[in-house]
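Structural characterization, general
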Amino acid sequence: MELVWFKRDLRVDDHAPLFNAAQRGPVLPVYIVEPELWAQPDASARQWAFVTECLEDLDTSLRNLGQPLLVQFGDVVEVFTKLQRTYQFERLWSHEETGNGWSYARDKKVSAWCKARNIPWYQLPQFGVIRGLKDRSGWSRRWDRVMGEPAAPAPKALAPVSIDGSSLPRAQSLGLVSDPCQGRQIGGRVQGLRILNSFLFERAGPYRKAMSSPLTAENSCSRLSTYLAYGCISMREVAQATWNRQLELKQMTQAPEGWRGALASFSGRLHWHCHFMQKLEDAPSIETRNLHRAYNGLRTAENVELLKAWQKGETGFPFVDACMRYLRVTGWMNFRMRAMLMAFASYHLWLDWRQPGLHLARQFVDYEPGIHWPQVQMQSGTTGINTIRIYNPVKQGYDQDPSGAFVRRWIPELREVPDNFLQEPWKWEGAGQVLDKSYPLPIVDHMTAAKEARQKLWAVRKGEPFRSQANAIQQKHGSRRSGIAQINRRTTKAANSKKNQMSFPFD
């Protein structure tokens, strides 16, 4: 008996552990609902709702192969002990996981359990992340090679095994707070494939120009981040489908305007997805500790009122608040606005990045720890190697929402404010009718706050000790941009048929 442990890889296609296990013998496919995992401060009911739909879709796929998914509830080691007594499985299979600190500690316990019982645990990579990496040189070329390998096919059939599993619990049973998210995406591989195909063949044209504004990003970004985060589709499937579509466009006499450039940009972002995951894989402490030690103690006082105002979308800065309210309803935000929200909390409100980072982690249905925490620190200025980027919350409103349509949709309290004052309602002569009544006054002077934050951060960056540590961080975690080769656009056998190309499964 082979036990395949599904975690954040909820699919049967391009699932190397499942494919390899099925070559050895009968497979017991298991998903374990871990109450302690869902009790972590980065977990939310909206994420569990998405995972539930993914598990239902996965169960359907496995049933079509002959063996349903076995759902278990509890501590992983206790579940494995029980299953080992019942089924005497000989090997444990799973994908490698670059998760949060809790899942990292849990995997170490599982490893010890397996060694104590002489049960081999085969952990296979599912992204372009390299476990035990010593040096970043050549990383991108290796990513290209890994993504260019043939995808593992789903097993033709699985021998049925008599099992007695649990039903999927409701969010309340896991202790998750009610978390309405009416506009979130629907989970499952079927939905992920549909969204990939619509991006590559219908929506990607304006990607480059439209990705920055929340008005246009919702439709023009790939919207695949959630499906990659929970493994409904694999990075390899997305990369190969993108390369094949690029080749198709290149061979056209007259390709649709903007499409070649759009997919070239998108291909580059596939590298960046795994580049940031590699940071957390190499340094799990990024989730909880400043990457550069010089920033320790820089932000010490916790201002609960400022944090709450930011979380609620009630800072008095219309564009910032509109973005936060949009995120609360949809569970998603385009990259530039994610960066602005985190930067505003870190610089203008001078909040330590940990609590704002956890709030955003819970809000994002597509929460991927390996991307989220390096980005949180990058946007908070604590990496020591990235440019300090302080977004002007008013200018961003004018730039990304020039008509005010986005603000008007999400901040109805400002309905009476004229268009030319919408991003700065405090300058309107009738501001007293609205501000500090139905909508708050700005909670900080954003120009003064930005100036003070910049001075504090640059003061830390002076001196040889800072530069010495920054150089070490760059050597370990920095990109080797000169080593990022042009994306491999070779075709795969599967791409030779339109049917398979469309079924292959980012932003």
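Refer to the structure printed above.
Residues numbered from 1 in each chain as written. Predicted model: local features only at pLDDT ≥ 70, side-chain atom pairs only at ≥ 80, totals over all residues. Heavy atoms only, no water.

1. Comments concerning the nonpolar core
Spelled out, the test is: In this description, a nonpolar core means a group of buried Ala, Val, Leu, Ile, Met, Phe, Trp, Tyr and Cys residues linked to one another through side-chain atoms lying within 4.5 Å. Only protein chains enter the calculation, and the probe is 1.4 Å; a residue is then buried if its accessible area is under 20% of its type maximum, exposed if over 50%, and partly exposed in between. Any two residues whose heavy atoms approach within 4.5 Å at even a single point are treated as in contact.
Judged by nonpolar contacts, the single largest core of 131 residues is most densely connected at Phe6, Tyr31, Trp38, Trp48, Trp143 and Trp310. Excluding anything up to four places from it in sequence, Phe6 contacts Arg11, His15, Leu18, Pro29, Val30, Tyr31, Leu58, Leu62 and Leu69. With 20 residues, the next largest nonpolar core counts Trp5, Val76, Leu92 and Trp113 among its residues.

2. Quick notes on the sheet that holds strand β1 (residues 2–6)
Defined as follows: If DSSP finds at least two bridges between two strands, the strands pair. In DSSP terms, a helix is any run of H or I states spanning at least four residues, a strand is any run of E spanning at least two, and both are numbered starting from the N terminus. Axis lines are fitted through C-alpha atoms, for helices just across the contact stretch, and the angle between N-to-C directions can take any value from 0 to 180 degrees.
The 5 strands lie next to each other as β3-β2-β1-β4-β5, forming an open sheet whose pairing is parallel. In this open sheet, the two edge strands, each paired with only one partner strand, are β3 (70–73) and β5 (121–124). Going across the sheet, the axis of each strand differs from the next one's by a mean of 30 degrees, ignoring polarity. The strands touched by helix α3 (residues 45–65) are β1 and β2 (27–33); relative to β2, the strand with the most contacts, the crossing angle is about 170 degrees.

3. Some details on the pairing of β5
Put simply, the rule is: Whether a crossover is right-handed comes down to one check: with the strands pointing away from the viewer, does the path from the first strand over the helix to the second run clockwise; if it does, it is right-handed.
With 4 bridges connecting them, strand β4 (residues 91–95) and β5 associate as parallel partners. Across the sheet, residue His95 finds its bridge partner in β5, namely Leu124. Running through helix α5 (residues 101–116), the crossover from β4 to the neighbouring parallel element β5 is right-handed.

4. Digging into the packing of aromatic side chains
Note the threshold: Whether two aromatic rings pair depends on their centres lying within 6.5 Å, for rings of Phe, Tyr and Trp, where Trp uses its six-membered ring; planes under 30 degrees apart make the pair stacked, over 60 edge-to-face, and the rest tilted. Two conditions define a charge located above a ring, namely a distance within 6 Å from the ring centre to NZ of Lys or CZ of Arg, and an angle within 35 degrees of the ring normal.
For the structure shown, the criterion picks out 21 aromatic pairs. On the basis of an interplanar angle of 75 degrees and a centroid distance of 6.5 Å, the ring pair of Trp143 and Trp243 is categorised as edge-to-face. Of this pair, Trp143 sits in helix α6 (residues 139–148) while Trp243 sits in helix α11 (residues 235–250), placing them 100 residues apart in sequence. The burial state of Trp143 is the same as that of Trp243; both residues are buried. Between Phe317 and Phe344, the ring centres sit 5.4 Å apart and the planes meet at 70 degrees, which makes this aromatic pair edge-to-face. Of this pair, Phe317 sits in the loop between α13 (304–312) and α14 (318–330) while Phe344 sits in helix α15 (residues 335–348), placing them 27 residues apart in sequence. On the basis of relative accessibility, which here comes to 2%, the residue Phe317 falls in the buried class. What links up through ring pairs into an aromatic cluster is the set Trp5, Phe80, Phe89, Trp113 and Trp121. The ring of Phe364 has Arg338 sitting right over it, with the charged end atom 4.0 Å from the ring centre. When the ring centre of Trp458 is taken as origin, the NZ or CZ atom of Arg461, which lies over that ring, is 5.1 Å away.

5. Concerning the pattern of salt bridges
Pairs can form between side chains of opposite charge once their charged atoms are near each other. Basically, it comes down to this: What makes a salt bridge here is a side-chain nitrogen of Lys or Arg within 4 Å of a carboxyl oxygen of Asp or Glu, nothing more.
This structure, assessed with the given rule, holds 25 salt bridges. Residue Glu2 is joined to Arg91 by a salt bridge in which the shortest nitrogen-to-oxygen separation is 2.5 Å. Note that Glu2 is positioned in strand β1 and Arg91 in strand β4, a separation of 89 residues in sequence. Assigned by exposure class, Glu2 and Arg91 land together as buried. Two residues, Asp107 and Lys7, come together in a salt bridge whose shortest N-O distance is 3.2 Å. Linking Asp107 in helix α5 with Lys7 in the loop between β1 and α1 (16–24), this pair joins segments that are 100 residues apart in sequence. Of the two residues, Asp107 and Lys7, both sit in the buried class. The structure contains a network of salt bridges with shared partners spanning Lys7, Glu34, Glu97, Arg106 and Asp107.

6. Things to note about helix α16 (residues 354–363)
In terms of residue burial, α16 counts as a mostly covered element, since 7 of its 10 residues are buried. Of all the residues in α16, the buried ones are Pro356, Gly357, Leu358, His359, Leu360, Ala361 and Gln363. Buried residues belonging to α16 abut α3, α13, α14, α15 and α17 (369–380).

7. Considering the pairing of β2
In terms of residue burial, β2 counts as a mostly covered element, since 7 of its 7 residues are buried. Residue alternation in β2 divides its side chains into two sets, Val27, Pro29, Tyr31 and Val33 and Leu28, Val30 and Ile32, and both sets are buried. Where β1 lies against β2, 5 bridges are found, and the strand directions are parallel. Following the sheet pairing, Leu3 is matched in β2 by Leu28. With α1 bridging β1 and its parallel neighbour β2, the resulting β-α-β unit is right-handed. Across 4 bridges, the pairing between β2 and β3 is parallel. Looking across to β3, one finds that Tyr31 is bridged to Val71.

8. What to know about the environment of Val177
Locating Val177 in the fold gives a position in the loop between α6 and α7 (189–203). Here Val177 falls in the exposed class, since its relative accessible area comes to 66%. A C-alpha to C-alpha distance of 38 Å links Val177 and Ala21, two positions 156 residues apart in sequence.

9. Quick word on the state of the cysteines
The line we're drawing: Cysteine sulfur pairs qualify as disulfides if the two atoms are within 2.5 Å.
Under the criterion given, the structure shown has 0 disulfides. With no disulfide of its own, Cys221 has Cys323 as its nearest cysteine by sulfur position, at a separation of 13 Å. Of all cysteine sulfurs, the one in Cys232 lies closest to Cys274, which takes part in no disulfide; the gap is 16 Å. Taking relative accessible area as the criterion, Cys274 reaches 0% and is therefore assigned buried.

10. Focus on the packing of α15 against α17
Stated precisely, the cut-off is as follows: Note that the term roughly parallel is reserved for angles under 35 degrees, roughly antiparallel for angles over 145, roughly perpendicular for angles of 65 to 115, and oblique for everything else. When the near helix sits turned anticlockwise from the far one by under a right angle, the crossing is termed left-handed; a clockwise turn instead gives a right-handed crossing. By the convention adopted, Pro, Cys, Tyr, Trp, Phe, Met, Ile, Leu, Val and Ala count as nonpolar, Lys, Arg, Asp and Glu as charged, and the other residues, Gly among them, as polar.
Contact geometry of α15 with α17 gives a least axis separation of 8 Å together with a crossing angle of 55 degrees. Of the possible angle classes, the one that applies to α15 and α17 is oblique. In this structure, the crossing between α15 and α17 has a hand that is right-handed. Here Phe335, Ala339, Met342, Ala343, Ser346 and Tyr347 of α15 come into contact with α17, specifically with Gln375, Val376, Met378, Gln379 and Ser380. The residue inventory of the contact of α15 with α17, partitioned by class, reads 7 nonpolar, 4 polar and no charged.

11. Observations regarding the side chain of Gln377
The residue Gln377 is located in helix α17 in this model. Residue class for Gln377 comes out buried when judged on its relative accessible area of 0%. Excluding residues that lie within four positions of it along the chain, Gln377 makes contacts with Ile286, Arg289, Asn290, Leu291, Trp353, Thr382 and Thr383.

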